[in-house]
Amino acid sequence: QLQLVESGGGLVQPGGSLRLSCAASGFPLDYAIGWFRQAPGKEREGVSCISRSTGIANYADSIKGRFTISIDNAKNTVHLQMNNLKPEDTGVYYCALDPQTSYCSVNAGYEYDYWGQGTQVTVSS
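This one's a predicted model, so the numbers in the text were calculated from it and none came from an experiment.

Asks: Help me understand the overall build of the chain in this model?
Replies: Helix and strand content of the chain: zero helices and 11 strands. When its helices and strands are written in sequence order, the chain yields β-β-β-β-β-β-β-β-β-β-β. Relative to a compact globule of 125 residues, whose C-alpha radius of gyration would be 14 Å, the chain shows 13 Å and is just as compact. Across its three principal directions, the C-alpha atoms of the chain cover 40 × 25 × 25 Å. For the chain, with 125 residues in total, the buried portion stands at 44%. Contacts spanning at least 24 positions in sequence make up 60% of the contacts within the chain whose residues lie at least 6 apart.

Below, the structure is given as structure tokens:
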């Protein structure tokens, strides 16, 4: 079974923190996995991604210095630690996976093959 399950979203005040998790199951051991988000009325945008094989991560400019992505290879789970959250970070966060690759990208033109259901992140005072 191929499955991506996100968790960790919620309501947080500006300046607060959340940790998102995405558990991947049924995939080959070499893949790229990352996070995308979509705010109401806006297009989906890439946030961060990481290669399971190389450990190389990429970040969108809007979140650099605030978010950190990591992966637990043994558990096939990727985490996104989000600090100093801002209202503009609000949106549905989706986990996405591209199998059999060592390359990771959050550019709009890069296509991921598998997507989770998403988890809501709301940053508001």
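Here the narrative resumes, following the displayed structure.
Asks: What should I look at first to understand the state of the cysteines in this one?
Replies: The term disulfide refers to a covalent linkage connecting the sulfur atoms of a pair of cysteines. Following the criterion strictly, the structure yields two disulfides and no others. Through a disulfide, cysteine 49 is tied to cysteine 104; the S-S separation comes to 1.7 Å. With the S-S bond torsion at 115°, the cross-link from cysteine 49 to cysteine 104 turns out right-handed. Placement of cysteine 49 in strand 5 (residues 45-51) and of cysteine 104 in the loop between strand 9 (91-99) and strand 10 (114-115) is noted, with a sequence separation of 55 residues between them. Going through the chain in sequence order and numbering each bonded cysteine, the pairs you get are 1-3, 2-4.

Asks: Explain the pattern of salt bridges here, please?
Replies: Tallying each qualifying case throughout the model produces four salt bridges. Between arginine 37 and aspartate 89 there is a salt bridge, and its shortest N-O distance comes to 2.9 Å. Taken as a pair, arginine 37 in strand 4 (residues 31-38) and aspartate 89 in the loop between strand 8 (77-82) and strand 9 lie far apart in primary sequence, 52 residues in all. Pair check on accessibility: arginine 37 and aspartate 89 agree, each one buried. Between arginine 66 and aspartate 89 there is a salt bridge; the shortest N-O distance is 2.7 Å.

The rules we used
- Each residue is numbered by its place in its chain's sequence as written, counting from 1.
- The predicted nature of this model means local features are confined to residues of pLDDT at least 70 and side-chain atom pairs, given and counted, to a pLDDT of 80 or more, with totals for whole chains, interfaces and linings taken over all residues.
- Excluding hydrogens and water, the side-chain figures rest on all heavy atoms present in the structure.
- To qualify as a helix, a DSSP run of H or I must reach at least 4 residues; to qualify as a strand, a run of E must reach at least 2; elements of each kind are numbered from the N terminus.
- C-alpha atoms define the radius of gyration, and 2.2 Å times the number of residues to the power 0.38 defines the globule rule.
- With a 1.4 Å probe rolled over the protein chains alone, any residue whose accessible area is under 20% of its type maximum counts as buried; one over 50% counts as exposed, and the rest are partly exposed.
- Between two residues, a contact is recorded if the distance between any of their heavy atoms is within 4.5 Å.
- We call a pair of cysteine sulfur atoms a disulfide when they lie within 2.5 Å.
- Counted as salt bridges are all cases of a side-chain nitrogen of Lys or Arg within 4 Å of a carboxyl oxygen of Asp or Glu.

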